[in-house]
Amino acid sequence: MVNNVLIVAIIIIGISMLLVVVRFVKGPSLPDRVTAFDLFTTLVIASITLFSLIWENTSFLDVAVVLSLIAFLGAMSFAYYILKRKE
Amino acid sequence: MINDIITTFLVSVGSIFMLIAAIGILRLPDFYLRMSAITKASTLGLGMVLLGVSIHFDQFGVFVKAFIIITFLLLTNPVGAHAIARAAYKQGVKFWGETIVDELELLSKKAENLEKEWQSNRSNFAVGEELIYTLMQLPASHGGSFRKSLDLAKQIQLVNTPVGNRLLGIVYSKMGHFNEAERYLKLASTECNFNQKAIFSLVDFYTENNLPNRALNVLEDAMQVHPQNIEFVFKAIYIAFDFGVSHKLGLACCDKIIAMGTDVSADYLLKAARYKRIFVERSIGKNY
């Protein structure tokens, strides 16, 4: 049962990644792209945890920890850049 | 078995939340709406997926890792979203056409208009007072500053000392300088012979700083100077009621209003009677 649900969940997350990529390409302004990137990282973290479940290997979760930190750093530095840049 | 059921539930609901977030970022009409949609939905979705996975493994180490990620997520996602939204607002990212209210812009426009009015006519203290309040509410990025309001209050003080002192006291109390605020507000209330506005600002300042006894003392003094002013009496009743101090004074005030009899309107009498009942019950020791 778990396996079937996992496959469905990964497909759902893949579809959401595609949707986010569409926004990333379309995004009229830079902040739009930054938020799309942020959500994309969150989706990657979710897929990493799901893969760690599929392969029954808990060490993938370390990658998720690091990635969540990097996502925050990226969002903050982009915010700073948006704040300081000149048109 | 039960673990499997919980894991399936959490993982499926979590991934559906993430799908909702992705649909939100694609379909919503402007940047700020997208921002609000994705931060909430993605935080909840990822949290649920992580929790489900950690329940499946059922090991202490995995729980700790999942807990760390969830905690980081809860801490960092709102902060990051706020930072980006703030930067975008400052860069002038457009609102959706149907946004009804932009409070910051309204406030800064109000400040501009008041400033113009104040520059053209410097004898209208009401405008100056409003301008000071608006400037204190505005964030520093949009021209609001305590120093500016202080300067304005000092200008008013040069022309009209009591009003200026009261405004200075209010500005200092918003800045958090307790002693200066108290001094100026006291000066103002004595200088203008216990005027209602000045007394009320002093009393509000005391109640904000959780000093009901001092506020009641001020009100007692004011009542002795203006025995006919019902507002002072009611203010004292409210403070005694809210803070649960000095039932005696509250009772005395209620009696005073009831003793005025037909001089005051029926509403006031009814109110005073109600409060009197509460004060009596409290002073006997009955909890209300």
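Residues numbered from 1 in each chain as written. Chains lettered and ligands numbered in written order. Predicted model: local features only at pLDDT ≥ 70, side-chain atom pairs only at ≥ 80, totals over all residues. Heavy atoms only, no water.

Undergrad: Which residues make up a nonpolar patch on the surface, and what values go with them?
TA: All names here are of chain A. A cluster of nonpolar side chains, Val-21, Phe-24, Val-25, Phe-37, Phe-78 and Tyr-81, forms an exposed patch at the surface whose accessible area comes to about 560 Å². Broken down by secondary-structure element, the contributors of at least two residues to the nonpolar patch are helix H1 (2–26) and helix H3 (60–84). No other element matches H1, which puts 3 residues into the nonpolar patch. With respect to the helices and strands, Val-25 occurs in helix H1. Val-25 sits in the exposed class, given a relative accessible area of 60%. (Patch = residues over 30% accessible without salt bridge, like charges linked within 9 Å, V, L, I, M, F, W, Y side chains within 5 Å. Areas by Shrake-Rupley, 256 points an atom, 1.4 Å probe, with all protein chains shown as cover. Salt bridge = Lys/Arg side-chain N within 4 Å of Asp/Glu carboxyl O. Helix = DSSP H or I, 4+ residues; strand = E, 2+ residues; numbered from the N terminus. Buried < 20%, exposed > 50% of the residue type's maximum accessible area, 1.4 Å probe, protein only.)

Undergrad: Please give an account of the nonpolar core that cites residues and values.
TA: Residues Ile-132, Ile-199, Leu-219, Ile-237 and Ile-257 of chain B are the most contacted members of the largest nonpolar core, which totals 53 residues. Of the domains in this structure, domain 2 (103–192) and domain 3 (210–288) of chain B are the two that each give at least three residues to this core. If sequence neighbours within four positions are ignored, Ile-199 of chain B has contacts with Ser-189, Phe-194, Val-218, Leu-219, Ala-222 and Phe-232 of chain B. Core analysis: the second largest hydrophobic core is formed by 35 residues, Leu-19 of chain A together with Ala-41, Leu-50 and Ile-69 of chain B among them. (Core = buried A, V, L, I, M, F, W, Y, C linked by side-chain atoms within 4.5 Å. Domains from an automatic or database assignment. Contact = heavy atoms within 4.5 Å.)

Undergrad: Got a sec to walk through the packing of helix H7 (residues 161–175) of chain B against helix H8 (residues 178–191) of chain B? Specific residues and values, please.
TA: Residues and elements named next belong to chain B. As a packed pair, H7 and H8 sit with axes 8 Å apart at the nearest point and diverge in direction by 155 degrees. Comparing their axes, H8 and H7 come out roughly antiparallel. Handedness of the H7/H8 crossing: left-handed. Of the residues in H8, those touching H7 at Thr-161, Pro-162, Asn-165, Arg-166, Leu-168, Gly-169, Ile-170, Tyr-172 and Ser-173 are Glu-180, Ala-181, Tyr-184, Leu-185, Leu-187, Ala-188 and Glu-191. (Axes fitted to C-alpha atoms, helices over the stretch in contact; angles between N-to-C directions. Parallel < 35°, antiparallel > 145°, perpendicular 65-115°, else oblique. Left-handed = near helix turned anticlockwise from the far one by under 90°.)

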